[in-house]
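Fold and contact review
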Amino acid sequence: MSKTKPFDISKRAVWKAWKRVRANQGGPGVDEQSIADFEEDLSGNLYKIWNRMSSGSYFPDPVRLVDIPKTTGGKRTLGIPAVADRVAQMVVKLHLEPKVDPEFHPDSYGYRPEKSATEAVGQARERCWQYSWVLDFDIKGFFDNIDHALMLGAVRKHTDCPWVLLYIERWLQAPGVDGDGQRIRRDQGTPQGGVISPLLANIFLHHVLDKWMADSYPSLPFERYADDMIVHCRSERQARFIRHRIEERLQRCKLELHPQKTNIVFCKKNGRLGSHEPVSFDFLGFTYHLAWHDPAMENSF
């Protein structure tokens, strides 16, 4: 570690980040450099990353934008950073994640160490037996619409490390390059496909939703996996109320509910259905429906 550099980043941290990036593999970025290409001059490439990050002269390349089909139809745009930028992002992730993850809500399950979609599904299943109603929603274009100033404000609640804040801001502002080679300026959002993006998403939604829900409505349990969330309610009226409050909350944070993916669902077999028709919802690839509350069907899950 050099004492002449303004930022205290160790070469060991860069090496650990590289090993994680190499294990994850992934395609090349705009520079068309693959993992194998990067390894041809591994020592030199890692030294450049360390030298630039520790001196403050590191600036990321644009991200390569790739459209992939969604299972539900349509397309999702991934932003693929260059290999060197993935290593740099991993340096920040490995520094920041151990500090922030213990502060996250226990019912935040996405992109977290020791958490999984299976755990989220199991918890949702148990609570559907206890609560008659569910508000099922996700956020419209969440990764594409995160406000940069609000995002950085959320990160500052967890760290004042100058190089962490500096490089997160540069990654947020890095332009994209589409399949035609056109450079696209980004004034908001964090690209899906970046190493740091899932952690940033969790930091943002921890403050926008998780902590706000726990502080304001502690009697309403929820499960959140990235921007896919369900809230358990005792009544249809309560579900409609919390939908309205969440909608207001998201609007204040420059986000909005997805109109086609937001539903109030009756999820208990015993009781009167009332005025709302939906009796099933999908969460993380599983369909929850009334039959779950028939003891003969419990093992069908």
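Every chain is numbered independently, its residues counted from 1 as its sequence is written. Per-residue local features of the predicted model are confined to residues with pLDDT of at least 70, and side-chain atom pairs are confined, for both listing and counting, to 80 or more; whole-chain, interface and lining totals are unaffected and use all residues. Only hydrogens and water are set aside when side-chain values are computed; all heavy atoms of the structure are taken into account.

**What about the environment of Leu94?**
In DSSP terms, a helix is any run of H or I states spanning at least four residues, a strand is any run of E spanning at least two, and both are numbered starting from the N terminus. Secondary-structure assignment places Leu94 in helix α4 (residues 83–100). Once the C-alpha coordinates of Leu94 and Ala13 are considered, the two residues, 81 residues apart in sequence, prove to be 8.1 Å apart. Setting aside its immediate chain neighbours within four residues, Leu94 contacts Lys16, Ala17 and Arg20. The contact criterion used throughout is that any non-hydrogen atoms of two residues lie within 4.5 Å.

**Here's the deal with the sheet that holds strand β3 (residues 133–138)**
Only strands joined by at least two bridges in the DSSP assignment are considered to pair. With antiparallel pairing, 4 strands are arranged side by side in an open sheet as β6-β7-β3-β8. Since the sheet does not close on itself, it has two edges, and those belong to β6 (222–225) and β8 (263–266), each with one partner. Ignoring which end each strand starts from, the neighbouring axes of this sheet average 15 degrees apart. The sheet contacts of helix α9 (residues 197–216) involve β3, β6 and β7 (228–233), and relative to β6 the element is tilted by about 170 degrees. Angles run from 0 to 180 degrees between N-to-C directions of axes, and those axes are lines fitted to C-alpha atoms, restricted for helices to the stretch in contact.

**Re the pattern of salt bridges**
Here, a salt bridge means any side-chain nitrogen of Lys or Arg that lies within 4 Å of a carboxyl oxygen of Asp or Glu. One pass over the structure, following the stated rule, counts 11 salt bridges. Measuring nitrogen to oxygen at the nearest pair gives 3.7 Å for the salt bridge that ties Glu119 to Lys115. When accessible area is computed with a 1.4 Å probe and restricted to protein chains, residues below 20% of their type maximum are described as buried, those above 50% as exposed, and intermediate ones as partly exposed. On the basis of relative accessibility, which here comes to 34%, the residue Glu119 falls in the partly exposed class. By relative accessible area, Lys115 is classed as partly exposed at 23%. Note that Arg240 is salt-bridged to Glu236, the shortest N-O span being 3.2 Å. Taken together, the residues span about one helical turn, with Arg240 and Glu236 both in helix α10 (residues 236–252) at a distance of 4 residues.

**Quick word on the sheet that holds strand β2 (residues 75–80)**
Spatial strand order, β2-β1-β4-β5: 4 strands in an open sheet with mixed pairing. Two strands in the sheet have a free side with no partner beyond their single neighbour: β2 and β5 (183–184). Note that strand β1 (residues 63–69) and β2 share 6 bridges and pair antiparallel. Within β2, the position partnered with Asp67 by the bridge is Thr77.

**Overview of the packing of aromatic side chains**
Pairing of aromatic side chains requires ring centres within 6.5 Å, counting the rings of Phe and Tyr and the six-membered ring of Trp. Pairs whose planes differ by under 30 degrees are stacked, by over 60 edge-to-face, and all others tilted. In this structure the tally under the stated criterion is 12 aromatic pairs. Between the aromatic rings of Phe142 and Phe143, the centroid separation amounts to 5.2 Å while the plane-to-plane angle is 70 degrees, which identifies the pairing as edge-to-face. In this structure an aromatic cluster arises from ring pairing among Phe7, Tyr58, Tyr167 and Trp171. Taking NZ or CZ as reference, Lys11 lies 4.7 Å from the ring centre of Trp50, over its face. One Lys or Arg, Arg170, reaches over the ring of Phe59 and ends 3.7 Å from the middle of that ring. For a ring to carry a charge above it, either NZ of a lysine or CZ of an arginine must fall within 6 Å of the ring centroid while also lying within 35 degrees of the normal to the ring plane.

**Thoughts on the pairing of β3**
Along any regular strand, the residues point their side chains to alternate faces of the sheet. Of all 6 residues in β3, 6 are buried, a share of seventy percent or more. Residues Trp133, Leu135 and Phe137 point to one face of β3 and Val134, Asp136 and Asp138 to the other, with burial holding for every one of them. In terms of strand pairing, β3 meets β7 through 6 bridges, oriented antiparallel. When the sheet's bridge partners are listed, Asp136 is paired in β7 with Ile230. As paired elements, β3 and β8 share 4 bridges and run antiparallel to each other. Within β8, the residue paired with Asp136 across the bridge is Asn263.

**What to know about unusual backbone geometry**
Even without being a glycine, Glu114 presents a positive backbone phi close to 70 degrees. Within the secondary structure, Glu114 sits in the loop between α4 and α5 (117–130). Given a relative accessible area of 77%, Glu114 falls into the exposed group. The residue Lys254 is not glycine, and still its phi comes out positive at about 65 degrees. With respect to the secondary-structure elements, Lys254 resides in the loop between α10 and β8. Taking the relative accessible area as the measure of exposure, Lys254 reaches 53% and is therefore exposed.

**Things to note about the environment of Trp171**
Tracing the backbone through its elements, the reader meets Trp171 in helix α8 (residues 162–173). Taking the C-alpha atoms as reference points, Trp171 and Phe59, 112 residues apart in sequence, are found 8.3 Å from one another. Apart from residues lying up to four places away in sequence, Trp171 is in contact with Tyr58, Pro60, Ala88, Gln89, Val92, Arg186 and Ile196.

**Description of the confidence of the model for the protein chain**
pLDDT: the predictor's confidence for each residue, scored from 0 to 100. Per-residue pLDDT for the protein chain averages 89, and the proportion of residues at 70 or more is 89%. Low pLDDT, under 50, characterises residues 291–301; the predicted model gives this stretch 18 contacts beyond four residues in sequence or across chains.

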